[in-house]
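Okay, here's what each chain looks like letter by letter:
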Amino acid sequence: VQLQASGGGLVQPGGSLRLSCAASGDTSDVLGMGWFRQVPGKKREFVAAIRWYDGSTYYALALEGRVTVSKDNVKNTMYLQMNNLSPEDTGVYYCASAPWRPDYEVDKEPEYNYWGQGTLVTVSS
């Protein structure tokens, strides 16, 4: 599976962005996909995830209400809509895919075996 993240850029505080993650290759084994981010000075952290077969969504508590994860199965693309952005949201956003497994822990990096290259989000006035 190859993942291509896009949609990052410069946005003013309070603004919105929609990130995309296009998956290609053999996606038949994909159980879920997730977004993680690494903000300056911190470890990479979970943002949101979505189960590919039923669309169940999961969010980091600190971001719930400001971000929405969605997917387009036809386009094999996952999206992350981010609203009311603040400078603390500045960082590199990564998408990742997880293979089928009985206990999918959506917020754990080791669950994901393919990662995109990341897209930079900068929130600044």
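Structure report, in brief. (Residues numbered from 1 in each chain as written. Predicted model: local features only at pLDDT ≥ 70, side-chain atom pairs only at ≥ 80, totals over all residues. Heavy atoms only, no water.)

Notes on the overall build of the protein
On a plain count of helices and strands, the protein comes out with zero helices and 11 strands. Taken from the N to the C terminus, the helices and strands of the protein come in the order β-β-β-β-β-β-β-β-β-β-β. Against the 2.2 N^0.38 benchmark of 14 Å for 125 residues, the protein shows a C-alpha radius of gyration of 14 Å, consistent with a compact globule. Principal-axis analysis of the C-alpha atoms gives the protein an extent of 40 × 25 × 25 Å. Residue burial in the protein is summarised as follows: out of 125 residues, 46% are buried. Carbon and sulfur atoms provide 48% of the accessible area of the protein, an area that totals close to 6400 Å². Distance between charge centroids for the protein: 4 Å, based on 11 positive and 13 negative side chains. (Helix = DSSP H or I, 4+ residues; strand = E, 2+ residues; numbered from the N terminus. Rg over C-alpha atoms; globule rule 2.2 N^0.38 Å. Buried < 20%, exposed > 50% of the residue type's maximum accessible area, 1.4 Å probe, protein only. Areas by Shrake-Rupley, 256 points an atom, 1.4 Å probe, with all protein chains shown as cover. Lys, Arg positive; Asp, Glu negative; His and termini not counted. Charge placed at Lys NZ, Arg CZ, Asp CG, Glu CD.)

Description of the pairing of strand β3 (residues 17-24)
Two elements, strand β1 (residues 2-6) and β3, share five bridges in a ladder whose sense is antiparallel. Each residue of the ladder has a partner; that of S6, found in β3, is S20. Here β3 pairs with strand β8 (residues 77-82) via six bridges, running antiparallel. In the sheet register, L19 faces β8, and the bridge partner there is L80. (Pairing = 2+ DSSP bridges.)

Some thoughts on empty space enclosed by the protein
Scanning all chains against the criterion turns up one cavity of 30 Å³ or more. Approximately 30 Å³ is the volume found for the largest cavity. In terms of lining residues, the largest cavity is bounded by R37, L63, R66, V67, M82, N83, L85, D89 and Y93. (1 Å grid on protein atoms, 1.4 Å probe; cavity = no way out; pocket = protein on both sides within 12 Å on 5 of 7 lines; lining within 4 Å. Points joined across faces, edges and corners; volume = space filled by probe spheres on them.)

What to know about the sheet that holds β8
With antiparallel pairing, the four strands of this open sheet are ordered in space as β1-β3-β8-β7. Two strands bound the open sheet, and with one partner strand each, they are β1 and β7 (67-72). On average, each strand axis in the sheet is tilted by 15° relative to the strand beside it, whichever way the strands run. Two strands pair when backbone bridges link them, and β7 and β8 are joined in this way by six bridges, in the antiparallel orientation. Within β8, the residue paired with T68 across the bridge is Q81. (Axes fitted to C-alpha atoms, helices over the stretch in contact; angles between N-to-C directions.)

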